[in-house]
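These are the residues of each chain, in order.
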Amino acid sequence: MAIQILFHLSLLLLILLSPPPTTANLEGDALYALRRAVNDPHNVLQSWDPTLVDPCTWFHVTCDSDNRVTRLDLGNAKLYGKIVPELGKLERLQYLELYMNKLVGPIPNELGGLKNLVSLDLYHNNVTGSIPPSLSSLSNLRFLRLNGNRLTGRIPRELTKLGNLKILDVSNNDLCGTIPTSGSFSKFTEESFVNNPKLEGPELMGFVRYDAGGCN
């Protein structure tokens, strides 16, 4: 009986003294979810070893002094697969560069949780679905380039709240409805929206209401 009690006490002590999962582990798990979700014919992600303490030694990943991920640079990496919602856990991410791959599927709503994001570059992929209104929470966003995909639906009016947005490009998609022109959108020219056959707006066809225009 005494041995059994000692065993349980030892087990309890081990649990109490075990360190909780670190943020670095959580971020490594989030990035490894991306690795599992894509095909990598050129082994660009070969260094992404989930057994390491944190992902800061992985190629194409940049971290700050706290070992928190701040950049993910996978532009033109010949990846094909899906953008995973787990990327929304990279709380200090500033640059998400996934352009010029063969990524498919929707833009995860969870990317709207990346409060420090400065640049979101998903251009020249095969991304489908609508632009998530959750991206309007990215108050530090300066560059939003989604051109050259297969996005559908309206441009969310909420995006006009992005006061720091300097560059917007949603051209060469299949967006519909009308172009918002208030807030930060007042400074963007027709070039940001061209080659969306169902899209209408002041820059293209004279003033029309936001909720007008064909958007089936």
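Residues numbered from 1 in each chain as written. Predicted model: local features only at pLDDT ≥ 70, side-chain atom pairs only at ≥ 80, totals over all residues. Heavy atoms only, no water.

*Asks:* I'd like a rundown of the sheet that holds strand 2 (residues 61-63), residues and numbers included.
*Replies:* As summarised here, the arrangement of the six strands in space is 2-3-5-7-9-11, forming an open sheet in which the pairing is mixed. Of all strands in the sheet, those bounded by a partner on one side alone are strand 2 and strand 11 (167-169). Within this sheet the neighbouring strands show an average axis-to-axis angle of 15°, counted without direction. When strand 5 (residues 95-97) meets strand 7 (residues 119-121), the two strands line up parallel, connected through three bridges. Within the sheet, the bridge partner assigned to Tyr 95 lies in strand 7 and is Ser 119. (Pairing = 2+ DSSP bridges. Helix = DSSP H or I, 4+ residues; strand = E, 2+ residues; numbered from the N terminus. Axes fitted to C-alpha atoms, helices over the stretch in contact; angles between N-to-C directions.)

*Asks:* Explain the pattern of salt bridges residue by residue, including any values.
*Replies:* Here the structure, examined in full by the defined rule, presents seven salt bridges. Between Arg 68 and Glu 91 there is a salt bridge; the shortest N-O distance is 3.3 Å. Here Arg 68, found in the loop between strand 2 and strand 3 (69-73), pairs with Glu 91, found in the loop between strand 4 (80-82) and strand 5; they are 23 residues apart in sequence, far enough to count as distant. According to the relative accessible area criterion, Arg 68 is buried, its value standing at 11%. Overall, Glu 91 belongs to the exposed group, its relative accessible area being 51%. Taking the shortest distance from any N to any O, the salt bridge between Asp 174 and Lys 198 comes out at 3.7 Å. Here Asp 174 is found in strand 12 (residues 174-178), whereas its partner Lys 198 is found in strand 13 (residues 198-200), with 24 residues between them in sequence. Take Lys 198: its relative accessible area is 44%, and that puts it in the partly exposed class. By sharing partners, the salt bridges in this structure join Glu 27, Arg 68 and Glu 91 into a single network. (Salt bridge = Lys/Arg side-chain N within 4 Å of Asp/Glu carboxyl O. Buried < 20%, exposed > 50% of the residue type's maximum accessible area, 1.4 Å probe, protein only.)

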